[in-house]
Amino acid sequence: MLIADDLDQLLDILPHLIRQSLNKHINRKNLIEIVMDLGRRPEARFPEGPEYLSNRVITWHDLDYSIKRIGNFSGDNRAGIERTLHRISSIRNRQGSIIGLTCRVGRAVFGTISIIRDLLETNQSILLLGKPGVGKTTAIREIARVLADEMEKRVVIIDTSNEIAGDGDIPHPAIGRARRMQVSRPELQHQVMIEAVENHMPQVIIIDEIGTELESLAARTIAERGVQLVGTAHGNYLESLIKNPILSDLIGGIQYVTLGDDEAKRRGTQKSILERKASPAFQVAIEIHDRTHWVVHEKVEETVDQILQGSQAFVQSRIVFPDGQVSIGCKQIMTEIVKSKSIKQVNNLKDYNALSVFAEKKHWIANKNQSSLKIHDKIKILSIYVYALNLQQIENILKLWKFPFVIVNDVSRADVILALRSNIKQNTKLRQIAHSKHLTIYTIHRNTIPQITRAFKKILQINSVSHIKWSELCLDKTIEEINALNEVKWAIEKIVILKKEPVELLYRFANLRKIQHDLVQFYYLQARSFGEEPYRRLRIYPS
């Protein structure tokens, strides 16, 4: 990762004694902020902790020296240094005089969002959560640059405190080709958000620190107009947003619903329950726990529903290592709502274990080996002929996921064909060969890792279905067990695979749900249990 911090320009506004101390400091490259409070010793804050810079206390003269060398303070008591990303915030007394300064170092970190690069390509709205100082603004600045320069989208940044693109009329180069709209007063941010959509025809709008009900409403309005949103909000976890009445609209809003007797009994809940009110303005939520550990909720709608229903939520944990490698794992967590119901204990969100592969790979390999069902004698190794795709990329995917596939160079030896849709339309000969040999052609829109992976999963899913031996499956099973398995088979093949919709099964006892879970795993799908005994049941999700 490349880091640009313009630190010397920030040090130039500080009194000589503080500047001299920092110039000699061995850890100055990791400096977070400098604190100058009247009558107290100046303090520098680093990731390891704070340090005093001098034995002399700050005087009125020291504060006046720095104030004269920066721009004017705005309504939110923030100022900046022109053409830099540094932020200076003030503390005032009752008479309005400045008695303290917090000088935050602003850094442009190029490459910091490689951990979520695949999510940017989905064109979905993304909300970043995290405590102050964890790196939300740095991440959103790099997202703006990547979207504008590398993905060539029309990006407009709503820069309320000039923290994303720096102070002054000319934005900092760190935002690339993205345009910046400044906000005269913080309380007018929601108006500028709407103005950006109406006047400048953006494809993406970047918003930092959504914090009021009007800004939340404006974000929802923008999302409904089909513009991609990327924003930040303060809050460590997605659940904290649900509990926040001002910001809950960002994830769909919460309302009380009264159920009928039959429905409450079927769900195994009370008659008055909490439900999501509408579709969320942001489809993806990311919790930034620290600069190298991010937690991703790829489907905010489903996660919010799971939290409100009191069921265990599944989250994706991403960790980036110093060499740039990204590790992605899955963990089942217990929310505060689930804890209050005492369904069962699971590890806290802080206890994530870093896995080296996707969550689905963990389920496909580990869970399948523990299955009590004998369905396959062995999985057939499929021969795939790939046309006009990156072979190195495909080999890496096969190695990572351990798909039972082999790539062949001769189409006559292939079982299936995988190609780009735009190329296969122009190759009449390949389509004729496939038709004559009864080969299925799978197509993808773009030559990207997510699309190739999804295609392989689809191929594997369809192949696994054809190799399930139902005679062996039903051997030594009771009528109840056979009925439970048939219910899963019908639900998956008629609804989940064909219609790509989730389906909820009838409630079953634990032993029957266990074999239903095992069968779902052999279809390479995911299922989760909902409700409380004796009305607990499975819900099966499309891949």
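Before reading on, note that the structure itself is shown above.
Residues numbered from 1 in each chain as written. Predicted model: local features only at pLDDT ≥ 70, side-chain atom pairs only at ≥ 80, totals over all residues. Heavy atoms only, no water.

### Re the packing of helix α18 (residues 479-499) against helix α19 (residues 510-522)
Each pair of packed helices can be summarised by the angle the axes make with each other and by the distance between the axes. Here α18 crosses α19 at 35°, and the two axes come no closer than 9 Å. Note that α18 runs across α19; the crossing there is right-handed. Contact residues: α18 offers E480, E481, A484, L485, E487, V488, K489 and I492, while α19 offers L512, I515, Q516, L519 and V520. Partitioned by chemical class, the residues of the contact of α18 with α19 number eight nonpolar, one polar and four charged. (Axes fitted to C-alpha atoms, helices over the stretch in contact; angles between N-to-C directions. Helix = DSSP H or I, 4+ residues; strand = E, 2+ residues; numbered from the N terminus. Left-handed = near helix turned anticlockwise from the far one by under 90°. Contact = heavy atoms within 4.5 Å. Nonpolar A, V, L, I, M, F, W, Y, C, P; charged D, E, K, R; others polar.)

### Here we look at the pairing of strand β20 (residues 382-387)
Burial runs high along β20: five of the six residues are buried. Looking at chain direction, β20 and strand β21 (residues 405-407) are connected through three bridges and run parallel. Bridge assignment links S383 to a residue of β21, and that residue is V406. Crossover β20 to β21 through helix α13 (residues 391-401) is right-handed. Pairing between β20 and strand β22 (residues 416-420): four bridges, direction parallel. When the bridges of β22 are listed, V386 appears paired with L418. (Buried < 20%, exposed > 50% of the residue type's maximum accessible area, 1.4 Å probe, protein only. Pairing = 2+ DSSP bridges. Right-handed = clockwise from strand over helix to strand, strands pointing away.)

### Considering the nonpolar core
Formed by 34 residues in total, the largest nonpolar core has its most connected members in I158, I205 and I222. The set of elements that each furnish at least two residues to this core consists of β9 (126-130), β10 (155-159), α6 (189-200), β12 (204-207), α7 (213-224), β13 (228-234), α8 (238-242) and α10 (300-309). It is α6 that provides the largest number of residues to this core, a total of five residues. Residue contacts for I205: discarding those within four places in its chain leaves V156, I158, M193, A196, V197, I222, V227, Q228, L229 and V230. In terms of nonpolar packing, the next biggest core, distinct from the first, is built from 31 residues, I115, L128, I143 and V320 among them. (Core = buried A, V, L, I, M, F, W, Y, C linked by side-chain atoms within 4.5 Å.)

### Thoughts on the packing of α6 against α7
Here α6 crosses α7 at 15°, and the two axes come no closer than 8 Å. Judged by the inter-axis angle, α6 sits roughly parallel to α7. Handedness of the crossing formed by α6 with α7: left-handed. The residues of α7 that touch α6, namely those facing Q189, H190, M193, I194 and V197, are L214, E215, A218, A219, T221 and I222. A per-class count over the contact of α6 with α7 returns seven nonpolar, three polar and one charged. (Parallel < 35°, antiparallel > 145°, perpendicular 65-115°, else oblique.)

### Details of the sheet that holds strand β26 (residues 537-541)
Strand order in this open sheet of three strands is β24-β26-β25, and the pairing throughout is antiparallel. Both edges of this open sheet fall to β24 (503-504) and β25 (526-530), since each of them pairs with a single strand only. Pairing analysis gives two bridges linking β24 to β26, with the strands arranged antiparallel. Counted as the bridge partner of E504 is R539 from β26.

### Quick look at the packing of aromatic side chains
Summed over all chains, the structure comprises four aromatic pairs. Arranged with centres 5.4 Å apart and planes meeting at 10°, the rings of F403 and F405 form a pair that is stacked. The same class applies to F403 as to F405, namely buried. Consider the rings of F403 and F456, whose centres lie 5.6 Å apart with planes at 65°: the pair is edge-to-face. Here F403 is found in the loop between α13 and β21, whereas its partner F456 is found in helix α16 (residues 449-466), with 53 residues between them in sequence. Its relative accessible area of 6% is what places F403 among the buried residues. Taking the relative accessible area as the measure of exposure, F456 reaches 0% and is therefore buried. In this arrangement the basic side chain of R528 is found over the ring face of Y541, its NZ or CZ atom lying 5.2 Å from the centre. Taking NZ or CZ as reference, R539 lies 4.2 Å from the ring centre of F530, over its face. (Phe/Tyr/Trp six-rings, centres within 6.5 Å; stacked < 30°, edge-to-face > 60°. Lys NZ or Arg CZ within 6 Å of the ring centre and 35° of its normal.)

### Regarding the side chain of R276
Assignment of secondary structure puts R276 in strand β15 (residues 272-276). R276 sits in the buried class, given a relative accessible area of 18%. A distance of 3.0 Å separates a polar atom in the side chain of R276 from the backbone oxygen of A278. A distance of 2.9 Å separates polar atoms of two side chains, one belonging to R276 and the other to D305. Those residues within four positions of R276 in sequence are excluded, and the remaining contacts are I251, G252, G253, Q255, E301, V304, D305 and L308. (Polar contact = N/O pair within 3.5 Å; in protein donor to acceptor, adjacent residues only side chain to side chain.)

### Considering α10
All of the buried residues along α10 are V300, T303, V304, Q306, I307 and L308. One or two positions beyond α10, positive phi appears at G310, with a value near 80°.

### Let's talk about the side chain of R180
Inspection of the secondary structure puts R180 in strand β11 (residues 179-182). Side chain to side chain, R180 and N162 meet in a polar contact 3.4 Å long. Side-chain polar atoms of R180 contact the backbone oxygen of G166, separated by 2.9 Å. Ignoring sequence-local partners within four residues, the contact set of R180 consists of I157, D159, N162, A165, G166, G168, D169, I170, P171 and I175.

### Quick word on the environment of P50
Along the chain, P50 turns up in strand β4 (residues 49-52). In this structure, the C-alpha to C-alpha distance between P50 and E33, residues 17 residues apart in sequence, is 9.4 Å. Every residue in contact with P50, bar those within four places of it in the chain, is listed here: E43, A44 and R45.

### Brief notes about the pattern of salt bridges
Inspection of the entire model under this criterion finds 24 salt bridges. D62 serves as the salt-bridge partner of R56, at 3.1 Å between the closest nitrogen and oxygen. Using a relative accessible area of 39% as the deciding quantity, one classes R56 as partly exposed. Among the residues examined, D62 registers a relative accessible area of 5% and is labelled buried. The residue D118 makes a salt bridge to R318 at a minimum N-O spacing of 2.7 Å. Of this pair, D118 sits in helix α4 (residues 117-120) while R318 sits in strand β18 (residues 313-320), and the two are 200 residues apart along the sequence. The exposure class assigned to R318 is buried, which follows from its relative accessible area of 1%. Residues participating in the shared-partner salt-bridge network are E33, E43, R45 and R104. (Salt bridge = Lys/Arg side-chain N within 4 Å of Asp/Glu carboxyl O.)

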